[in-house]
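# Fold and geometry: a report
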Amino acid sequence: MKSNHTVDLKIKSEEKNNIGVIIVEGEIDMLTSPGLRNKLVPYFKKKVKGIIVDLSGVLFMDSSGIATLVEGLQWSKKNNKDFILTGLGTNVLNSLSLTKLDNAFDIKTDIDGAYKILCER
């Protein structure tokens, strides 16, 4: 049961220059990760060259959030698209490091840097 003090997940997404940008704020857990997945899926069906997921507003991410990102990574490899994570805070980075997934993902410091890289590819 979710208590009243938990943070809701807010997800904004846009597409510019053939690149999907998803900005996530709040906590990614068992209850909210399906919402993130639902925002990711359309971008894998579109003909975008890459997807940037900005996690700078994410305070907490559990294993279901990690699983959602891994699913995104698998889709991107299958469809030959770039999948970049940006703005990882300490908690999120620690979650990925503990599961040894920090090396599996393409991680950049911020959206602008990731966007520039994708535009040049």
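Quick summary incoming for the structure in this document.

Cut-offs applied
- Residues numbered from 1 in each chain as written.
- Predicted model: local features only at pLDDT ≥ 70, side-chain atom pairs only at ≥ 80, totals over all residues.
- Heavy atoms only, no water.
- Pairing = 2+ DSSP bridges.
- Helix = DSSP H or I, 4+ residues; strand = E, 2+ residues; numbered from the N terminus.
- Salt bridge = Lys/Arg side-chain N within 4 Å of Asp/Glu carboxyl O.
- Buried < 20%, exposed > 50% of the residue type's maximum accessible area, 1.4 Å probe, protein only.
- Axes fitted to C-alpha atoms, helices over the stretch in contact; angles between N-to-C directions.
- Parallel < 35°, antiparallel > 145°, perpendicular 65-115°, else oblique.
- Contact = heavy atoms within 4.5 Å.
- Nonpolar A, V, L, I, M, F, W, Y, C, P; charged D, E, K, R; others polar.

Note that strand 1 (residues 10–16) and strand 2 (residues 19–28) share seven bridges and pair antiparallel. Bridge pairing in strand 2 places Ser 13 opposite Ile 22.

A separate point is the pattern of salt bridges. Applying the stated criterion to the full structure yields five salt bridges. A salt bridge links Arg 121 to Asp 82; the shortest N-O distance between them is 2.6 Å. Of this pair, Arg 121 sits in the segment after helix 4 (111–120) while Asp 82 sits in strand 4 (residues 82–86); the two residues are 39 residues apart in sequence, bridging distant segments of the chain. Looking at Asp 82, the relative accessible area reads 23%, which means it is partly exposed. Between Glu 120 and Lys 116 there is a salt bridge; the shortest N-O distance is 3.4 Å. Highlighted residues: Glu 120 and Lys 116, both in helix 4, separated by four residues, approximately one helical turn. Take Glu 120: its relative accessible area is 59%, and that puts it in the exposed class.

Contact geometry for helix 1 (residues 33–45) and helix 2 (residues 63–78): axes closest at 9 Å, N-to-C directions at 10 degrees. Classified by the angle between their axes, helix 1 and helix 2 sit roughly parallel to one another. Across from Ser 33, Leu 36, Arg 37, Leu 40, Val 41 and Phe 44 in helix 1, the residues of helix 2 making contact are Ser 64, Gly 65, Thr 68, Leu 69, Glu 71, Gly 72, Trp 75 and Ser 76. The residue makeup of the contact of helix 1 with helix 2, split by class, is six nonpolar, six polar and two charged.

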